[in-house]
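Residue strings, one per chain:
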Amino acid sequence: MVLSTTELNRVITYVYAKLSTELTIANRNNELEEYLSKIGCKDCMANHNTCYLAHSAKILVIGDMSIDDRSVRKIAKKCGIKPNRIEIINDYEKLTNLNFEKYRNNMNYSDIIVGPTPHKAKGIGGYSSAISMMEHNPEEYPKLVKAETATGKLKLTATSFEAALRQTQQYLDNIN
């Protein structure tokens, strides 16, 4: 049976209202993940810590950079992110002494954009690098976004930073 456009719109409106109600109830009952799995939509749930202070959270940019801080802030502004919401740590010495444990379940950061970093750092336990630790525990850390070249090499350039910034949770929340 093929419906007319008007009939199909009525069905869509009804189904949307029903799903919306069921999603709200499942969320209130802490059963959202189970409900989404049941309807074949589990993949739409974020696989990272989405709890952050929307009005003040920062995007942490770490790693060796091929661009200066001013350019980073200019790109952020171009993408609709307030420049003061970008925190940059690009000094090698600071990176090796940075304790990544402080970002675990930290609501002051929405995202971490990472470029080339030292493999050894504080607070990474038995992991080979901070990146590896955050990749293995995405629900405990701000969303991790790698700044990569077209060939997949970690590198913080103007182009890779802008591409990474457009993948951040903060950017995606701003455009939705």
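Residues numbered from 1 in each chain as written. Predicted model: local features only at pLDDT ≥ 70, side-chain atom pairs only at ≥ 80, totals over all residues. Heavy atoms only, no water.

Our focus in this paragraph is the overall build of the chain. Tallying secondary structure elements over the chain gives seven helices and four strands in all. Taken from the N to the C terminus, the helices and strands of the chain come in the order α-α-β-α-β-α-β-α-β-α-α. Taking 176 residues into account, the globule formula puts the C-alpha radius of gyration at 16 Å, and the chain, at 20 Å, lies well above it. Judged by the C-alpha coordinates and their principal axes, the chain covers about 65 × 35 × 35 Å. In the chain, which comprises 176 residues, the proportion classed as buried is 35%. In the chain, the share of contacts with a sequence separation of at least 24, taken over all contacts with a separation of at least 6, comes to 68%. With the model as given, the accessible surface of the chain reaches about 11000 Å², and the carbon-plus-sulfur share is 51%. Treating the 23 positive side-chain charges of the chain as one cloud and the 20 negative ones as another, the clouds have centres 6 Å apart. (Helix = DSSP H or I, 4+ residues; strand = E, 2+ residues; numbered from the N terminus. Rg over C-alpha atoms; globule rule 2.2 N^0.38 Å. Buried < 20%, exposed > 50% of the residue type's maximum accessible area, 1.4 Å probe, protein only. Contact = heavy atoms within 4.5 Å. Areas by Shrake-Rupley, 256 points an atom, 1.4 Å probe, with all protein chains shown as cover. Lys, Arg positive; Asp, Glu negative; His and termini not counted. Charge placed at Lys NZ, Arg CZ, Asp CG, Glu CD.)

Turning our eyes to something else, we now look at the pairing of strand S2 (residues 86–89). Across four bridges, the pairing between strand S1 (residues 58–62) and S2 is parallel. Along S2, the bridge assignment pairs Leu60 with Glu87. Handedness of the crossover joining S1 and S2 through helix H3 (residues 69–78) is recorded here as right-handed. (Pairing = 2+ DSSP bridges. Right-handed = clockwise from strand over helix to strand, strands pointing away.)

The next point concerns the sheet that holds strand S3 (residues 109–114). Judged by pairing direction, the sheet is parallel, and its four strands sit side by side in the order S2-S1-S3-S4 without closing on themselves. Both outer strands of the open sheet, S2 and strand S4 (143–146), are each paired with one neighbouring strand and no more. When the angles between neighbouring strand axes are averaged without regard to direction, this sheet yields 20°. Lying on the sheet, helix H6 (residues 158–165) is in contact with S1, S2, S3 and S4; it crosses S3 at an angle near 150°. (Axes fitted to C-alpha atoms, helices over the stretch in contact; angles between N-to-C directions.)

Glancing now at the nonpolar core. Of all hydrophobic cores here, the largest spans 19 residues; its most connected members are Val61, Ile86, Ile113, Phe161 and Leu165. Of all the secondary structure elements, the ones that give two or more residues to this core are S1, H3, S2 and H6. Apart from residues lying up to four places away in sequence, Ile86 is in contact with Ile59, Val61, Val72, Arg73, Ala76, Ile81 and Leu165. Core analysis: the next-biggest nonpolar cluster, separate from the first, contains 17 residues, Leu60, Ile62, Ile89 and Tyr109 among them. (Core = buried A, V, L, I, M, F, W, Y, C linked by side-chain atoms within 4.5 Å.)

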